[in-house]
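Tertiary structure, described
One letter stands for each residue in the lines below.
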Amino acid sequence: MSEESEESVPLLPLQQESMASALFNTDQNDNSERRRHDNNERRRNDHAESETNGQPQNNIQQVVEQDEEEDEELTLKYGAKHVIMLFVPVTLCMVVVVATIKSVSFYTRKDGQLIYTPFTEETETVGQRALNSILNAAIMISVIIVMTILLVVLYKYRCYKVIHGWLIISSLLLLFFFSFIYLGEVFKTYNVAMDYITVALMIWNFGVVGMICIHWKGPLRLQQAYLIMISALMALVFIKYLPEWTAWLILAVISVYDLIAVLCPKGPLRMLVETAQERNETLFPALIYSSTMIWLVNMAEEDPEAQRKSKTSTYDKQASRTQNEDAEADDGGFSQEWQQQRDNRIGPIESTPESRAAVQALPSNSQTSEDPEERGVKLGLGDFIFYSVLVGKASATASGDWNTTLACFVAILIGLCLTLLLLAIFKKALPALPISITFGLVFYFATDNLVQPFMDQLAFHQFYI
Amino acid sequence: MTLAVFFGCTFIAFGPAFGLFIFTIARDPLRIIILIAGAFFWLVSLLLSSLIWFIAVKASDPQDERLQKGLLIFGVMFSVLLQEAFRFLYYKLLRKAIEGLVALSEDGCSPISIQQMAYVAGVGFGLMSGAFSMINLLADALGPGTVGIHGDSQLYFLTSAFMTMVLIFLHTFWGILFFHGCEHRRWWEIAAVVIMHLTVSGLSFCNPLYVGSLVPSYLLMAAAAAWAYLLSGGSAQNLRRFLLCKCCSRKGVGDTLGLVGYQDCCWDGERLSQWLKQEHHPLVSQTRGAGDFLRPWSGCYLSLEK
């Protein structure tokens, strides 16, 4: 958000909001990282040089080891803050989803399935159920792939208005319709009598403020809160309408797809990034949760139009994603591409004095930022959604109940931590789903089937380990 | 079972731990990460030990009650040993992390010391262990039912909460003791931690004879607390000064690490640490960064925070 490359961000197609796999630092972060890395390297080299008089070989080895360690520790040292900046919203989203699942029975009631998962899981044999869930997952993934390719095509042929309109409609649907349903169900659960006029007023205010925050300007915390609420709403929809085995399969396959789409050279997301690079324009950031918006506020003075556009695009993507579930898988990849593209652009941008100077000058001039500490990290909203789906499903259907939920929660946080570590090492956009979802799935099934009976027996006899 | 039982047991079991978390860990992102990673390591150890127990149970006769109980006891002991093994692995990982942090830092000292990491790791282990023991019980306490209606003890929830609290504290102190033993190659400290853990778990086999399990556990906790306090650089003199909230004399040498009176607010962290270094305070040589560590705990220290 704060990068100078935000200037004229084309509209991002819905699909690009993809689920999540985008995890990346802000430009500032990257620059500072690189600068810091360079500084550290210089220091280490100096150190090494001063020691080479005595033991050259050891120093070379030490420098190499220190390089690796330093790379790893770069996250620990100044990335610990960013890890927490992501832990808090992810935790909040999960808490909202788990609290809703536990209290509002609507979201655990079987009321049919989405059209993207046409095969039912109420079959007579286990084999039939497995086959149906595999088919469901396959259909969902193909829809996602098709939408991603459609997105790439739309972007290639510069159909920006289509994308923009799509995003606005999606966010309207999400902020008004889905939250209206949610509010209705919460009132039903707690038996609160409510009239339509009050509800209309509440939903109108909620939706309009959400649209403004997401597509235009708003306080950072409010924007973050809306993004979290939207992710939670979407995750609840998924939890409700995806049958069990299908949900787990989709989670697994989405992680693999995320990995492929972001890292493979032939992936659609990569192609998107390359196209954007050819045109020398920044892609719209996908629905992305950003931990800091200070840059944007400052940048408004530099380039108000671009800032507005980029903000709009950011929110649009999210809204559109929530509207179409199939769009979700695509979004994450997109944001990564955008990130990659932005990363690639940092090099050439660095050489040009203007934007660079603008960005570099900002921290010293800005009153709000505490640079260089005020770097931000971004995480795609699809990541939020799928993390919450995993934890929500765990709390809804596990026999181990709270133990399983807690285990999945810790596993996802550790996965996120590792992903951020890798991010600090490789310094390019990375998929945030694979590691966390893998850990989450492993811990879900292990805790539910192995740990739960053990803890049950221990609690029965009141033994303590 | 009512809301009162739920809240009472929650606060008994987790109150002190959350207090520790809020006042000493929540402010530093690095400590939060170490906490979550510690919880993760404990979870993995539990997973592996459950796997072993599960395999053993599946391979045995489910009707034989004595055998099942024996297998459970074996599972408990194995789980304890595995937890300590994972504590050692976590120590190794944190050691590497500290080396990296030192290499990265500008002034050659890591932002967090191994003693602080030991404490946070202990709290991580304890919180996860307590959560896994207690959370399902608390969820059940909210629902309908009568405790002990089939003749079991009626103090089930209460004693579970107290046992959980003592276990969380014990894990914290064991973390400090264990890491100290690993740091200074004192294997008998490590062995003491393992034996203490086995003892506490073994004592829980006395349940529902709670006198046999709770009272010795609390005594062990007090002993572990005192030992950990001494190892972290505490002394009777420190404790007296802290309780009396005495001012720190700038000239005196014997003053403890950062005990500053409420009226003395002109310390800043750097000067204080410099002063300590110059004076070669015994605490500094023994526990680097302990000042930072102790600082947030006492109200007197808050003035030192930047």
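- Per an unreviewed UniProt entry, chain B goes by the name Gamma-secretase subunit APH-1 and belongs to Ficedula albicollis.
- The record in UniProt for chain B states the following under Sequence similarities (unreviewed entry): "Belongs to the APH-1 family."
- A UniProt comment under Subunit (unreviewed entry) is attached to chain B, and it reads "Component of the gamma-secretase complex."

- As annotated in an unreviewed UniProt entry, chain A is Presenilin from Ficedula albicollis.
- Here is the UniProt Function (unreviewed entry) comment for chain A, exactly as written: "Probable subunit of the gamma-secretase complex, an endoprotease complex that catalyzes the intramembrane cleavage of integral membrane proteins such as Notch receptors."

1. Side note on the pattern of salt bridges
- Here the structure, examined in full by the defined rule, presents nine salt bridges over all chains.
- Between Arg186 of chain B and Glu189 of chain B there is a salt bridge, with the nearest N and O atoms lying 3.3 Å from each other.
- The class of Glu189 of chain B is buried, set by a relative accessible area of 0%.
- Each member of the salt-bridge network shares a partner with another, and the members are Arg109, Asp111 and Lys240 of chain A.

2. Overview of the UniProt feature "transmembrane region" (unreviewed entry) in chain B
Residue and element names in this part refer to chain B.
- Here the UniProt feature "transmembrane region" (unreviewed entry) sits at residues 6–25, 32–56, 71–90, 117–135, 155–178, 190–211 and 217–236.
- Between the first and last C-alpha atoms of residues 6–25 the distance is 26 Å; the span itself is 100% helix and 0% strand.
- Segment residues 117–135 splits into 100% helix and 0% strand. End C-alpha atoms: 26 Å apart.

3. Things to note about the packing of aromatic side chains
- With the rule as written, the count across this model stands at 29 aromatic pairs over all chains.
- Measuring from ring centre to ring centre gives 5.2 Å for Tyr91 of chain B and Phe179 of chain B, while their planes differ by 75°; the resulting arrangement is edge-to-face. With Tyr91 of chain B in helix H3 (residues 65–104) and Phe179 of chain B in helix H5 (residues 156–183), this pair connects stretches of sequence that are 88 residues apart. Pair check on accessibility: Tyr91 of chain B and Phe179 of chain B agree, each one buried.
- When the centroid spacing of 5.9 Å and the interplanar angle of 20° are considered together, the rings of Trp188 of chain B and Trp227 of chain B count as stacked. A residue pair is termed long-range when its members are at least 10 positions apart, and Trp188 of chain B in helix H6 (residues 187–203) and Trp227 of chain B in helix H7 (residues 210–231) qualify at 39 residues.
- Relative accessible area serves as the criterion here: at 23%, Trp227 of chain B is assigned to the partly exposed category.
- Taken together through their ring pairs, the aromatic side chains of Phe439 and Phe443 of chain A together with Phe40, Phe41, Phe86, Tyr90 and Phe125 of chain B make up a single cluster.
- A cation over a ring is seen here: Lys240 of chain A above Phe106 of chain A, with NZ or CZ 4.0 Å from the ring centre.
- Positioned above the aromatic ring of Tyr241 of chain A, the side-chain terminus of Lys240 of chain A is 5.5 Å from the ring centre.

4. Regarding the environment of Phe125 of chain B
- Within the element layout of this structure, Phe125 of chain B appears in helix H4 (residues 114–142).
- When the C-alpha positions of Phe125 of chain B and Ala59 of chain B are compared, they lie 30 Å apart, and in sequence the two are 66 residues distant.

5. Description of unusual backbone geometry
- Residue Asn191 of chain A is not a glycine yet carries a positive backbone phi of 55°.
- Of note, the phi angle at Arg185 of chain B is positive, near 55°, even though the residue is not glycine.
- Among the structural elements, Arg185 of chain B can be located in the loop between H5 and H6.
- The exposed category is assigned to Arg185 of chain B, whose relative accessible area is 54%.

Scoring rules and cut-offs
Residues numbered from 1 in each chain as written. Chains lettered and ligands numbered in written order. Predicted model: local features only at pLDDT ≥ 70, side-chain atom pairs only at ≥ 80, totals over all residues. Heavy atoms only, no water. UniProt positions renumbered as here; feature names shortened; annotations may be inferred. Salt bridge = Lys/Arg side-chain N within 4 Å of Asp/Glu carboxyl O. Buried < 20%, exposed > 50% of the residue type's maximum accessible area, 1.4 Å probe, protein only. Helix = DSSP H or I, 4+ residues; strand = E, 2+ residues; numbered from the N terminus. Phe/Tyr/Trp six-rings, centres within 6.5 Å; stacked < 30°, edge-to-face > 60°. Lys NZ or Arg CZ within 6 Å of the ring centre and 35° of its normal.

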